[in-house]
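A closer look at the structure
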Amino acid sequence: EAGVAQSPRYKIIEKRQSVAFWCNPISGHATLYWYQQILGQGPKLLIQFQNNGVVDDSQLPKDRFSAERLKGVDSTLKIQPAKLEDSAVYLCASSQDVVTDTQYFGPGTRLTVL
Amino acid sequence: QKEVEQNSGPLSVPEGAIASLNCTYSDRVSQSFFWYRQYSGKSPELIMSIYSNGDKEDGRFTAQLNKASQYVSLLIRDSQPSDSATYLCAVEGDDKIIFGKGTRLHILP
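About the criteria used
- Position numbers for residues count from 1 along each chain, tracking the sequence in the order it is written.
- In the order they appear in the text, chains get letters beginning with A and ligands get numbers beginning with 1.
- Whole-chain, interface and lining totals are the exception, using all residues; otherwise, since this is a predicted model, local features are given only for residues with pLDDT of at least 70 and side-chain atom pairs are given and counted only at 80 or more.
- No hydrogens and no water enter the side-chain calculation; it runs on all heavy atoms of the structure.
- Note on conventions: DSSP H or I runs of at least 4 residues are helices, E runs of at least 2 residues are strands, and numbering of each starts at the N terminus.
- The buried label applies to any residue whose accessible area, calculated with a 1.4 Å probe on protein chains only, is under 20% of its type's maximum; exposed applies above 50%, and partly exposed to all values in between.
- Salt bridge, as used here, is a side-chain nitrogen of Lys or Arg placed within 4 Å of a carboxyl oxygen of Asp or Glu.
- Side-chain rings of Phe, Tyr and Trp (the six-membered ring for Trp) are treated as a pair once their centres are within 6.5 Å; stacked means planes under 30 degrees apart, edge-to-face means over 60, and tilted covers the remaining angles.
- Working rule: Lys NZ or Arg CZ, within 6 Å of ring centre, within 35 degrees of ring normal, means a charge sits over the ring.
- Residues count as neighbours in contact if any of their non-hydrogen atoms are within 4.5 Å of one another.
- Two parts placed together each lose some accessible area under a 1.4 Å probe, and adding up what both lose gives the buried area.
- Any pair of nitrogen or oxygen atoms within 3.5 Å is treated as a polar contact; in protein, a donor-acceptor pairing is required on top of that, and neighbouring residues in sequence qualify only through side-chain atoms on both sides.
- Gly falls in the polar group here, along with every residue not listed as nonpolar (Ala, Val, Leu, Ile, Met, Phe, Trp, Tyr, Cys, Pro) or charged (Asp, Glu, Lys, Arg).
- Disulfides are defined in this document as cysteine sulfur pairs within 2.5 Å.
- Two strands make a pair as long as DSSP finds a minimum of two bridges between them.

Attention now goes to the environment of Tyr25(B). Residues and elements named next belong to chain B. When you line up the elements, tyrosine 25 lands in strand β3 (residues 19-25). Judged by relative accessible area, tyrosine 25 falls into the buried class, the value being 5%. Placed 31 residues apart in sequence, tyrosine 25 and lysine 56 show a C-alpha to C-alpha distance of 19 Å.

Let's shift gears to the pattern of salt bridges. All names here are of chain B. If you walk through the whole model with that rule in mind, you get 6 salt bridges over all chains. One salt bridge connects lysine 2 with aspartate 27, and the closest N-O pair in it is separated by 3.3 Å. With lysine 2 in the segment before β1 (4-5) and aspartate 27 in the loop between β3 and β4 (32-38), this pair connects stretches of sequence that are 25 residues apart. Judged by its relative accessible area of 35%, lysine 2 is partly exposed. A relative accessible area of 13% means that aspartate 27 is categorised as buried. Among the salt bridges present, the one from arginine 77 reaches glutamate 57, with a minimum N-O distance of 3.4 Å. With arginine 77 in the loop between β8 (71-76) and β9 (85-93) and glutamate 57 in strand β6 (residues 54-58), the pair connects residues that are 20 residues apart, well separated along the chain. For arginine 77, a relative accessible area of 26% gives the class partly exposed.

Two numbers describe a pair of aromatic rings. These are the distance of the centres and the angle of the planes. In this structure the tally under the stated criterion is 10 aromatic pairs over all chains. Across from the ring centre of Phe61(B), 5.6 Å away, lies the NZ or CZ of Arg60(B), which sits over that ring.

Okay, the interface of chain B and chain A next. Counting residues at the interface gives 16 residues for chain B, matched by 18 residues for chain A. Of all residues in chain B, Ser43(B), Ile97(B) and Phe99(B) give up the largest surface area on contact with chain A, accounting jointly for 31% of the area buried on that side. For the pair chain B and chain A, the interface holds 0 salt bridges. Applying the counting rule to chain B against chain A returns 2 residue pairs in polar contact (both at pLDDT 80 or more). Those elements giving two or more residues to the side of chain B that touches chain A turn out to be β4, β9 and β10 (96-99) of chain B. Ranked by the residues each element gives to the side of chain B that touches chain A, the list is headed by β4(B), at 4 residues. Among the residues making up the side of chain B that touches chain A, the classes are represented as 8 nonpolar, 4 polar and 4 charged.

Okay, the state of the cysteines next. Considering all chains together, one arrives at 2 disulfides over all chains under this definition. A disulfide bridge connects Cys23(A) with Cys92(A), and the sulfur atoms are separated by 1.9 Å. Torsion about the S-S bond of the Cys23(A) and Cys92(A) cystine: about -65 degrees, corresponding to left-handed handedness. Note that Cys23(A) is positioned in strand β3 (residues 19-24) and Cys92(A) in strand β9 (residues 88-95), a separation of 69 residues in sequence. We note that Cys23(A), like Cys92(A), is buried. A sulfur-sulfur separation of 2.1 Å characterises the disulfide bridge that pairs Cys23(B) with Cys89(B). Disulfide Cys23(B) to Cys89(B): torsion about the S-S bond roughly -75 degrees, handedness left-handed. Here Cys89(B) lies in strand β9 and Cys23(B) lies in strand β3, a separation of 66 residues in the sequence. By relative accessible area, Cys23(B) is classed as buried at 1%. On the basis of relative accessibility, which here comes to 0%, the residue Cys89(B) falls in the buried class.

Residues and elements named next belong to chain B. The 5 strands are arranged β1-β3-β8-β7-β6 in an open sheet whose pairing can be described as antiparallel. Both edges of this open sheet fall to β1 and β6, since each of them pairs with a single strand only. As defined by bridge partners, β6 adjoins strand β7 (residues 61-66) across 5 bridges and the pair is classed as antiparallel. Across the sheet, the residue bridging to glycine 54 is leucine 65, located in β7.

Note that all results are geometric; they support no functional claim without further evidence.
Now the structure itself:
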């Protein structure tokens, strides 16, 4: 079974530029999560999708971050414009159905904002 | 603000000894608890989940839950150098999962 795919793996941009990340969850997984993990901290949930609907986006900085999951499969996370404090690893995870199911994480995208 | 607290470490344990990792949480209605292991530069992977008070054993790992004290722990028996990693405690409440900052564990050969 293929795991969660993410791209790109690394991205370096200057502040005020925009960037987009892509995630393809495990086939058949209804729930998709985007996390931000700053060095030395645990993952922080940015947004949670159930199929193509948003379940929780309470910690998503909506003035600069946006995410979508069209057709309930893959998802994109965008930052526009980026700030220095956005430097982090962005992790995508998926689970079969509800939040108590095992979450499987992708390899992450390491973003550096200069 | 719901919180999950862990000692950041590093926790150094001799090879073959028992490593004990602790986690406290603030949300009394939390029902599901998870331990993830994260190697440096890698993504988290689930190693244990626990839902009811008491102990749950899986190989060398034992998760312990005390909902009255809002405390969950992970014991690793016969620690191996390959157990050196950051261990993340995650707590589910109100259909949301909150991760702690993690405890860095270092197994001394």
